[in-house]
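# Working through the structure, step by step
Listed below, chain by chain, are the residues.
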Amino acid sequence: MIDVIFNMFKLLILLLNIVALSFAERGDLISFEYKDQKNSNQIQYELDSSDASQLNPNAIYNIKSYSIVYETIDQFGQVTQASGSVVIPDDNNFAYPIYLFGHGTQIRRASAPSMNGFNVLNMWVSTAGYIFVEPDYLGLGISEGLHPYHLKDVTAATMIDMLYASKKLCSQLSDVANNEQLFIAGYSEGGYAAMATVKEIEDNYSDIDITMSFPMAGAYDLSGTMVDLMLSEEEYADPFYLPFFVLSYIEKYNLGTLDMFFKSEYAQGFPEWFNGEHSGGYINSFLPSIPIHMMLPEVVEEFEINPDFEFKLRLQDNDLTNWTPQNPMYLYHGISDERVPYNNSVVAFESLGGDNNPNLYFETLGESYGGHQEAAPYCLIGAFIKSEEVKIINEKGDSNVDNILNVLDVIELIDFVLDGANLDGLQLWLSDMNDDNQLNIFDIVLLVERIIQNG
């Protein structure tokens, strides 16, 4: 009897999930889970022991972390669910900017941000007064299947839908407010994700305003710079990159079977090696250090001589070149990057307008900063410094949004009340001192009290 009841319960849960999925929309917040918190003293100690110490970081806010599950679409345009991590400053007296960050290449599903805890980056950014939003990407975290590696449309969708879902998390938590600033950044695969996201937002999302973006060390020139690298007869530190690309494109574009591209000893192993349970290092142990030696000679020849080879054309479809960013964008790349060559950013910079685009900047890190992994902290630090130059944190009660809490805010609030102003969004949050979604005398009294308390 107990087994029957248990099976009926499982069936009910399944039916409820199907119903929820059928009514869900992209960017919907499906669920969230509180994960952990840290106070500013703990954060300060950890930052002082990290690469960020050279900036003399100041841990300002206590922070809390959450994992979320949200609605998005997969590489075939089908509705699916993905997960990610949100780290929030723990002070409800302020409205904060959002810092949307794309992480670098991961293979193991359990290595995704939502599956892990605090790290130097999410602590550092959030304690400084940003809501730090980091998608796991599809195929990682709670999402099963193969990760759609370097496919621009689905990558951007995953980032953008995470942004919407994170805003809904803030609303549900009640005591967390985000303002209208949005910073988008990422390194390596995350650099590609950041640029793809900016392009998609500027092309198709008029309701999202980008304050500044930082694509860092990304493979923007897939069909050129990256193909040249993978077709070379040179050793490569992470040979798994090549099959990761090819597997993703075969699945997305129905290009054929693995044994049509790879030698049999590798084609047979890929389904197990790329099942989400193994690290890149583990997969590398089965692969030749020269990636092209995995591939069939006739495929290599097609790459080299046939401009209409379909795989090459699909890479071109996913290049992030030949468009014009409309908001401030800073490209960061180390000149000695051996994994994602510096020329990716050179090609991107020139094709996005170069010096003729007033919104575009290119920050080159010299040879002394090292290769792909070694240069990463310096790129992240550079992006953070630029963000800090324009960051705004709005204090509750700042009705006229001048970043000063004084009698002028009281006058503005009185005008709102007398005029019966129908405010929404950030303006309502700033003025609604008791959070009852109404503006009246009680809000004025509370605002006066806060100004007096602040001295």
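Look up: the structure comes first, before these words.
Let us look at the structure shown here. (Residues numbered from 1 in each chain as written. Predicted model: local features only at pLDDT ≥ 70, side-chain atom pairs only at ≥ 80, totals over all residues. Heavy atoms only, no water.)

To continue, consider the overall build of the protein chain. Each helix and strand in the protein chain was counted, giving 17 helices and 10 strands. Contacts in the protein chain between residues at least 24 apart in sequence constitute 76% of all its contacts with a sequence separation of at least 6. On the protein chain, roughly 20300 Å² of surface is accessible, and the fraction owed to carbon and sulfur atoms is 50%. Averaging the locations of the 20 positively and 66 negatively charged side chains of the protein chain gives two centres separated by 4 Å. (Helix = DSSP H or I, 4+ residues; strand = E, 2+ residues; numbered from the N terminus. Contact = heavy atoms within 4.5 Å. Areas by Shrake-Rupley, 256 points an atom, 1.4 Å probe, with all protein chains shown as cover. Lys, Arg positive; Asp, Glu negative; His and termini not counted. Charge placed at Lys NZ, Arg CZ, Asp CG, Glu CD.)

Counting buried residues along strand β5 (residues 131-135), 5 of its 5 residues qualify, which places the element largely inside the surrounding structure. Of the two faces of β5, the one holding Ile131, Val133 and Pro135 and the one holding Phe132 and Glu134 are both buried throughout. Here strand β3 (residues 79-89) pairs with β5 via 4 bridges, running antiparallel. Residue pairing across strands places Val87 opposite Phe132, the latter belonging to β5. Of the strand pairs in this sheet, strand β4 (residues 94-102) and β5 are connected by 3 bridges, and their pairing is parallel. Its bridge partner lying in β5, Ile98 is registered against Ile131. (Buried < 20%, exposed > 50% of the residue type's maximum accessible area, 1.4 Å probe, protein only. Pairing = 2+ DSSP bridges.)

Further remarks concern helix α11 (residues 297-305). Taken as a whole, α11 has its buried residues at Val299, Val300 and Phe303. Viewed end-on, α11 has its buried residues packed into an arc of 100°, placing them on one side of the element. Residues of α11 that are exposed and point more than 90 degrees away from the buried face comprise Pro297 and Ile305. Where α11 is buried, its residues touch α6 (222-231) and α12 (310-317). (Arc of directions from axis to C-beta.)

Another point: the side chain of Ser188. You can see Ser188 is positioned in the loop between β6 (177-187) and α5 (189-204). Beyond its immediate sequence surroundings of up to four residues, Ser188 is in contact with Gly104, Met216, Ala217, Gly218, Tyr241, Val340 and His372.

Before going further, it helps to spend a moment on the packing of aromatic side chains. Tallying each qualifying case throughout the model produces 36 aromatic pairs. For the pair Phe261 and Phe311, a centre-to-centre distance of 6.2 Å together with 70° between the ring planes defines the contact as edge-to-face. Of this pair, Phe261 sits in the loop between α7 (241-253) and α8 (264-267) while Phe311 sits in helix α12; the two residues are 50 residues apart in sequence, bridging distant segments of the chain. Like Phe311, Phe261 is buried. With a centroid separation of 4.4 Å and an interplanar angle of 15°, the aromatic rings of Tyr330 and Tyr361 are classed as stacked. Residue Tyr330 is located in strand β8 (residues 329-334), and its partner Tyr361 is located in strand β9 (residues 360-365); the two are separated by 31 residues in the primary sequence. Put simply, the rings of Tyr149, Tyr236, Phe240, Tyr241, Phe244, Phe245, Phe262, Phe270, Trp273, Phe274, Tyr282 and Phe286 pair up and form one aromatic cluster. (Phe/Tyr/Trp six-rings, centres within 6.5 Å; stacked < 30°, edge-to-face > 60°.)

Let us now look at the nonpolar core. If you look at the biggest cluster of nonpolar residues, it comprises 96 residues, and the most contacted ones within it are Phe261, Phe270 and Phe274. Here this core takes 11 residues from helix α4 (residues 152-173), the largest share from any one element. Leave out the neighbours within four places in its chain, and Phe261 touches Val246, Ile250, Leu255, Met295, Leu296, Val299, Phe309 and Phe311. Judged by nonpolar contacts, the second largest core, of 33 residues, contains Ile43, Ala128, Ala376 and Cys379. (Core = buried A, V, L, I, M, F, W, Y, C linked by side-chain atoms within 4.5 Å.)

Taken together, the buried positions of helix α13 (residues 343-351) are Asn344, Ser345, Ala348 and Phe349. Seen along its axis, α13 keeps its buried residues to an arc of 125°; they face one direction. On its buried side, α13 packs onto α5, α6, β8 and β9. With its phi angle positive at about 120°, Gly353 sits one or two positions after the end of α13.

Moving on to the environment of Leu121. Its location among the elements puts Leu121 in helix α3 (residues 120-127). Residue classification places Leu121 among the buried residues on the basis of a relative accessible area of 17%. Sequence-wise, Leu121 and Asp355 are 234 residues apart; in three dimensions their C-alpha atoms are separated by 31 Å. Non-local contacts of Leu121, meaning those with residues more than four positions away in its chain, are made with Phe101 and Phe132.

What follows covers the pattern of salt bridges. For the coordinates displayed, the defined rule picks out 12 salt bridges. Ionic pairing is found between Lys199 and Asp203, a salt bridge with its closest N-O pair at 3.0 Å. One end of the pair, Lys199, and the other, Asp203, are both in helix α5, 4 residues apart, so they sit about a helical turn from each other. Judged by its relative accessible area of 47%, Asp203 falls in the partly exposed class. As a salt-bridge pair, Glu388 and Lys391 come within 3.0 Å of each other at their nearest N and O atoms. Judged by its relative accessible area of 32%, Glu388 is partly exposed. (Salt bridge = Lys/Arg side-chain N within 4 Å of Asp/Glu carboxyl O.)

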